[in-house]
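The residues making up each chain are set out below.
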Amino acid sequence: MTRKEERIQAFTLIFERIFNSESTVEQLIENACEANEIEVSTFAKMVASTVFENQETIDSLIKEFLTNWKIERIPKVSLAIMRLAICEMLYVESIPVSVSINEAVELAKTFATSDDASYINGILGSVAREIEG
């Protein structure tokens, strides 16, 4: 399985959690496996779990760079993509920040719109400058 496929799995779990906020990562994985007869990768499990454990920190970074928006108004797909990318930027040292941003933009082009991709790129660029100091 490629890292891109693993990111899509992680994105799917993070997106699903938006609608099932009480579910654990294990419950979401079980549901995904039953529905799609897939095996969720270790990387996807790790990233999704890390997002769930650190969602407050991740969301505070997103909120910091929103202009004239509230986090509740961000399209759910875009929110899930940004949570995934910021998780990688903060907690997965083996992935360069630029790769996390680029992959997030590509996910947005696939699952959202080009406007969403541009917006995500802007927010993540601001977050990157903040965390890189």
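All values derive from a computational prediction rather than experimental measurement.

1. Section: the overall build of the protein
Helix and strand counts for the protein stand at seven helices and zero strands. Radius of gyration (C-alpha) of the protein: 14 Å, near the 14 Å computed for a compact globule of 133 residues. Projected onto the principal axes, the alpha-carbon positions of the protein cover approximately 40 × 30 × 25 Å. For the protein, with 133 residues in total, the buried portion stands at 47%.

2. Observations regarding the pattern of salt bridges
Within this structure, the stated rule accounts for six salt bridges. With its nearest N and O atoms 3.9 Å apart, the salt bridge here joins Glu103 to Arg7. Taken together, the residues span a long stretch of sequence, with Glu103 in helix H6 (residues 97-111) and Arg7 in helix H1 (residues 3-19) at a distance of 96 residues. Each of the two residues, Glu103 as well as Arg7, counts as buried. Put simply, Arg83 and Asp59 hold a salt bridge, and the shortest N to O gap is 2.8 Å. With Arg83 in helix H5 (residues 76-91) and Asp59 in helix H4 (residues 55-64), this pair connects stretches of sequence that are 24 residues apart.

3. Observations concerning the nonpolar core
Ranked by internal contacts, the top residues of the largest apolar core, which has 44 residues, are Ile14, Val47, Ile62, Ile81, Ile86, Met89 and Leu124. Taken together, the elements giving at least two residues each to this core come down to H1, helix H2 (25-36), helix H3 (42-53), H4, H5, H6 and helix H7 (114-132). In terms of residue count, H5 provides more of this core than any other element does, 10 residues in total. Apart from the residues lying within four places of it in its own chain, the contact partners of Met89 are Val97, Ser100, Ile101, Leu124, Val127, Ala128 and Ile131.

Conventions and cut-offs
- Residues numbered from 1 in each chain as written.
- Predicted model: local features only at pLDDT ≥ 70, side-chain atom pairs only at ≥ 80, totals over all residues.
- Heavy atoms only, no water.
- Helix = DSSP H or I, 4+ residues; strand = E, 2+ residues; numbered from the N terminus.
- Rg over C-alpha atoms; globule rule 2.2 N^0.38 Å.
- Buried < 20%, exposed > 50% of the residue type's maximum accessible area, 1.4 Å probe, protein only.
- Salt bridge = Lys/Arg side-chain N within 4 Å of Asp/Glu carboxyl O.
- Core = buried A, V, L, I, M, F, W, Y, C linked by side-chain atoms within 4.5 Å.
- Contact = heavy atoms within 4.5 Å.

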